[in-house]
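Structural description and commentary
In case you want the letters, here they are:
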Amino acid sequence: LVIFSIFFIVFMHNGTLNAELFNNTKVEFNQLLGLTNTVVLLTSSWFVVTGFWFIRANQLKAAKRFYCLAFAMGWVFFVIKIFEYTEKFSAGVNVSDNVFYLYYFSFTGVHLLHVTIGMLCLLSIIRRCDKASISHSDFVFTESVGVYWHLVDVLWIFLFCLIYLIKFYYYAG
């Protein structure tokens with residue numbers, strides 16, 4: 001969270017120093033894809049919360065279904081992001097084109113890594129749901145993964161706003 005906070009501050013600072021560049025580059029982005037990814041991650045969080053509710057009720061088959069749905073939503077996010085990257089690379093865009101693209105690929109790449117880690121943890125929960133009952137350590141792990149997954153969602157909401165929505169204005173100080 002601290003690292004992403006520093007990312008956001010640096011991004012916003014550079015956005016004010018390079019407002020025209022940032023704003024002109026932003027218009028090249030598909031806001032619908034960004035919004036879709038936001039809805040996908042928020043939906044996945046709801047599935048994680050619901051799965052955890054079923055874990056607490058010791059209804060492991062139902063919990064497994066919801067964790068599978070959360071995993072599927074993570075996969076949808078991943079595929080959309082790869083599609084978006086491919087679209088940019090096919091248009092001849094690369095990391096060194098400008099500072100906005102450097103930030104975009106770096107920050108969303110790091111975020112995508114965190115989504116991937118979260119998906120691997122969700123797979124671990126799905127496997128644990130095949131047991132007859134959940135142990136205390138399984139319960140703690142499941143709760144921790146849920147908190148992590150929600151943090152990944154919150155970070156994406158900030159990235160979505162910074163990359164797709166917020167217009168920057170030059171500030172001379």
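Now for a look at the structure at hand. Keep in mind that what you see is a predicted model, and the values were worked out from it rather than measured.

Scanning the model with the defined rule gives 33 aromatic pairs in all. Ring geometry for Phe-22 and Phe-168: centres 5.6 Å apart, planes at 85°, overall edge-to-face. Highlighted residues: Phe-22 in helix H2 (residues 19-26) and Phe-168 in the segment after helix H6 (136-165), separated in sequence by 146 residues. Like Phe-22, the residue Phe-168 is buried in the burial classification. The ring of Phe-29 has Lys-88 sitting right over it, with the charged end atom 4.3 Å from the ring centre.

Here the focus is the pattern of salt bridges. Going through the model one piece at a time under the given rule, you end up with four salt bridges. We note a salt bridge from Glu-84 to Lys-81, for which the minimum N-O separation is 2.5 Å. Of this pair, Glu-84 and Lys-81 both sit in helix H4 (residues 60-90), three residues apart, which is roughly one turn of the helix. With its nearest N and O atoms 2.7 Å apart, the salt bridge here joins Asp-138 to Lys-131.

For the pair helix H1 (residues 2-17) and helix H5 (residues 99-128), the least separation of the axes is 11 Å and the interaxial angle reads 160°. In terms of axis orientation, H1 runs roughly antiparallel to H5. With respect to the hand of their crossing, H1 and H5 are arranged in left-handed fashion. Touching Phe-4, Phe-7, Val-10, Phe-11 and Asn-14 of H1 are Phe-100, Tyr-103, Phe-107, Val-110, His-111 and His-114, all from H5. Here the contact of H1 with H5 is composed, by residue class, of eight nonpolar, three polar and no charged.

Following both chains from N to C, one finds H4 and H6 inclined at 30°, their axes separated by 13 Å at the closest point. On the basis of the axis angle, H4 is roughly parallel to H6. Relative to H6, the crossing made by H4 is left-handed. Counted together, Tyr-67, Ala-70, Gly-74, Phe-77, Lys-81 and Glu-84 of H4 and Thr-142, Trp-149, Trp-156 and Tyr-164 of H6 form the full contact between these two elements. Taken together, the residues of the contact of H4 with H6 sort by class into six nonpolar, two polar and two charged.

Rules used throughout
Residues numbered from 1 in each chain as written. Predicted model: local features only at pLDDT ≥ 70, side-chain atom pairs only at ≥ 80, totals over all residues. Heavy atoms only, no water. Phe/Tyr/Trp six-rings, centres within 6.5 Å; stacked < 30°, edge-to-face > 60°. Helix = DSSP H or I, 4+ residues; strand = E, 2+ residues; numbered from the N terminus. Buried < 20%, exposed > 50% of the residue type's maximum accessible area, 1.4 Å probe, protein only. Lys NZ or Arg CZ within 6 Å of the ring centre and 35° of its normal. Salt bridge = Lys/Arg side-chain N within 4 Å of Asp/Glu carboxyl O. Axes fitted to C-alpha atoms, helices over the stretch in contact; angles between N-to-C directions. Parallel < 35°, antiparallel > 145°, perpendicular 65-115°, else oblique. Left-handed = near helix turned anticlockwise from the far one by under 90°. Contact = heavy atoms within 4.5 Å. Nonpolar A, V, L, I, M, F, W, Y, C, P; charged D, E, K, R; others polar.

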